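What follows is each chain in one-letter form.
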Amino acid sequence: MILSMTGFASATRDFPGGLLSIELRAVNHRYLDVQMRLPEELRVIEAQLRELIAGRVTRGKVECRVGISQNDNDNQQLELNPDMVQRLLAISNQVKTIAPQMRELGMGELLRWPGVLKSNSLPPEVLQQLCLDGLKVVLEDFRATRGREGEKLAQVLRDRLESMAQIISDIKPRLPLILDAYRAKLSARLQEALGNVDDDRIKQEFALFAQKIDVDEELERLSTHLGEIRRILKTGGQVGKRLDFLMQELNREANTLGSKSVATETTQASVELKVLIEQMREQIQNVE
């Protein structure tokens, strides 16, 4: 299975006094770029959350949002933490001694300081573990979402591969006829330009030019690359960069096919191949 770099998943967890929400969303990116949006209560586990994400995602710009909403609960009680208040006031007095111009610590600032007010709600370490466990669940759903999207991308790529294979299959049997037609055209031009030209001279001129316009090798390499892409899609995994490289190789061969063309059939085949390659390249930008 291949994975898309785009995806979304979310989950919520109830806890005494509130609700924890976790959301993951991602778009394509050359490397893994994780952006965290966390409440202050959970900043302490940011590194662990990042580690969990990096363990399941290798490429993409991933945004992780975690929110905490408090419930209006009559059973929730707030208690003052006298020890914390004393420490903060002592520090405030020390600051005033060093910098007398500084104003005193206000009541609102004091009460908003972490740890000053204690509640009977969930302890911080329990809330942190709840978040870690919740992210694991969200990551499973996130990976499944990316897998479903990845399978759609893979099918699009397979369809384009079949179209390219058909173009190659159609043009190959026509190459001898194209070369024969070009030989006749070359012979007529030489006769017109030089008058009587012996057949050996014509054969020599054509043999030299035939090497320059021979596209058998390009068609063979195109077929080989198509087979390798099919194998990669079947194997799955982290294949985005490899597929992107193969698109460059396909495009190179299609360009060479066009530059060597001496007939409208091969020119048209080159154009159609490049259109399909570009369509595939656009889809591959979303593959992990």
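Here the residue index of a chain counts from 1 through its sequence in written order. In keeping with the model being predicted, local features are shown solely for residues with a pLDDT of at least 70 and side-chain atom pairs are shown and tallied solely at 80 or more, while totals for entire chains, interfaces and linings include all residues. Each side-chain value is worked out from all heavy atoms of the structure, with water and hydrogens disregarded.

On to the packing of helix H4 (residues 124–171) against helix H9 (residues 264–284), then. Here, axes are lines fitted to C-alpha atoms. For helices the fit covers the stretch in contact, and angles between N-to-C directions go from 0 to 180 degrees. Helix and strand labels come from DSSP, where a helix needs a run of H or I of at least four residues and a strand needs a run of E of at least two; each type is numbered from the N terminus. Where H4 contacts H9, the axes come no closer than 10 Å and their chain directions differ by 170°. As the angle between them shows, H4 and H9 are arranged roughly antiparallel. Contacts between H4 and H9 pair Leu-153, Val-156, Leu-157, Arg-160, Leu-161, Ser-163, Met-164, Ile-167 and Ile-171 from the former with Glu-265, Thr-266, Ala-269, Glu-272, Leu-273, Leu-276, Ile-277, Gln-279, Met-280, Gln-283 and Ile-284 from the latter. Split into classes, the residues belonging to the contact of H4 with H9 amount to 13 nonpolar, four polar and three charged. By the definition adopted for this analysis, an angle is roughly parallel if under 35 degrees, roughly antiparallel if over 145, roughly perpendicular if from 65 to 115, and oblique otherwise. The contact rule is simple, with two residues in contact once any of their heavy atoms fall within 4.5 Å. Think of it as three bins: nonpolar holds Ala, Val, Leu, Ile, Met, Phe, Trp, Tyr, Cys and Pro, charged holds Asp, Glu, Lys and Arg, and polar takes everything else, Gly as well.

On to the side chain of Gln-128, then. Tracing the backbone shows Gln-128 in helix H4. The cut-offs for exposure are 20% and 50% of the maximum accessible area for each residue type, with area from a 1.4 Å probe on protein chains only; residues under the lower value are buried, those over the upper are exposed, and the others partly exposed. Taking the relative accessible area as the measure of exposure, Gln-128 reaches 17% and is therefore buried. Ignoring any residue separated from it by four or fewer positions in sequence, one finds Gln-128 in contact with Glu-41, Leu-42, Val-44 and Ile-45.

Moving on, we come to the pattern of salt bridges. For salt bridges, the criterion is a side-chain nitrogen of Lys or Arg within 4 Å of an Asp or Glu carboxyl oxygen. For the structure on display, the rule yields 19 salt bridges. With a shortest N-O distance of 4.0 Å, Glu-228 and Arg-242 are connected by a salt bridge. A residue pair is termed long-range when its members are at least 10 positions apart, and Glu-228 in helix H7 (residues 216–235) and Arg-242 in helix H8 (residues 240–259) qualify at 14 residues. Classification of Glu-228 by relative accessible area gives partly exposed; the value is 28%. When the shortest N-O distance is used, the salt bridge between Arg-252 and Glu-249 registers 2.5 Å.

With that settled, the discussion passes to the pairing of strand E1 (residues 7–15). We treat two strands as partners when DSSP finds at least two bridges between them. Two elements, E1 and strand E2 (residues 18–27), share nine bridges in a ladder whose sense is antiparallel. Within E2, the residue paired with Phe-15 across the bridge is Gly-18.

Turning our eyes to something else, we now look at the packing of helix H1 (residues 46–56) against H4. Where H1 contacts H4, the two axes come as close as 10 Å, and the packing angle between them is 20°. Compared by their axis directions, H1 and H4 come out roughly parallel. In terms of crossing hand, the pair formed by H1 and H4 is right-handed. Mapping the contact onto sequence places Gln-48, Leu-49, Leu-52, Ile-53 and Arg-56 in H1 and Cys-131, Leu-132, Leu-135, Lys-136, Leu-139, Glu-140 and Arg-143 in H4. By convention, the crossing between two helices is left-handed when the near helix turns anticlockwise from the far helix through less than a right angle, and right-handed when the turn is clockwise.

The strand order across the open sheet built from four strands is E1-E2-E4-E3, with neighbouring strands paired in mixed fashion. With one partner strand each, in any of the chains shown, E1 and strand E3 (32–37) form the two edges of the open sheet. On average, each strand axis in the sheet is tilted by 10° relative to the strand beside it, whichever way the strands run. The strands touched by H1 are E2, E3 and strand E4 (60–70); relative to E3, the strand with the most contacts, the crossing angle is about 140°. Sheet contacts for H4: E1, E2 and E4; angle to E1, the most-contacted strand, approximately 150°.

All right, on to the nonpolar core then. Take the buried residues of types Ala, Val, Leu, Ile, Met, Phe, Trp, Tyr and Cys, join any two whose side-chain atoms come within 4.5 Å, and each joined set is a nonpolar core. Counting 33 residues, the largest nonpolar core has Met-164, Leu-219, Ile-229, Leu-233, Leu-243 and Leu-250 as the members making the most contacts within it. Looking at this core, the elements that each hand over two or more residues are H4, helix H5 (175–194), H7, H8 and H9. Tallying contributions element by element places H4 first for this core, with eight residues. The contact partners of Leu-243, leaving out residues within four places of it in the chain, are Leu-157, Ile-229, Ile-232, Leu-233, Ile-284 and Val-287. Membership of the second largest hydrophobic core comes to 25 residues, among which are Ala-9, Leu-38, Leu-49 and Val-66.

Moving on: a nonpolar patch on the surface. On the surface, Leu-80, Met-107 and Leu-111 cluster together to form a nonpolar patch covering roughly 300 Å² of accessible area. For Leu-111, the location among the structural elements is in helix H3 (residues 107–112). Surface patches are drawn from residues lacking salt bridges whose relative accessible area is over 30%; two like charges belong together within 9 Å, two nonpolar side chains (Val, Leu, Ile, Met, Phe, Trp, Tyr) within 5 Å. Computed with a 1.4 Å probe, the accessible areas rest on the Shrake-Rupley method; for each residue, only the protein chains presented here act as cover.

Where E2 lies against E4, 10 bridges are found, and the strand directions are antiparallel. Within E4, the position partnered with Leu-19 by the bridge is Ser-69. In this structure, E3 lies alongside E4, joined through six bridges in parallel fashion. Among the inter-strand pairings, Met-36 is bridged to a residue of E4, identified as Cys-64.

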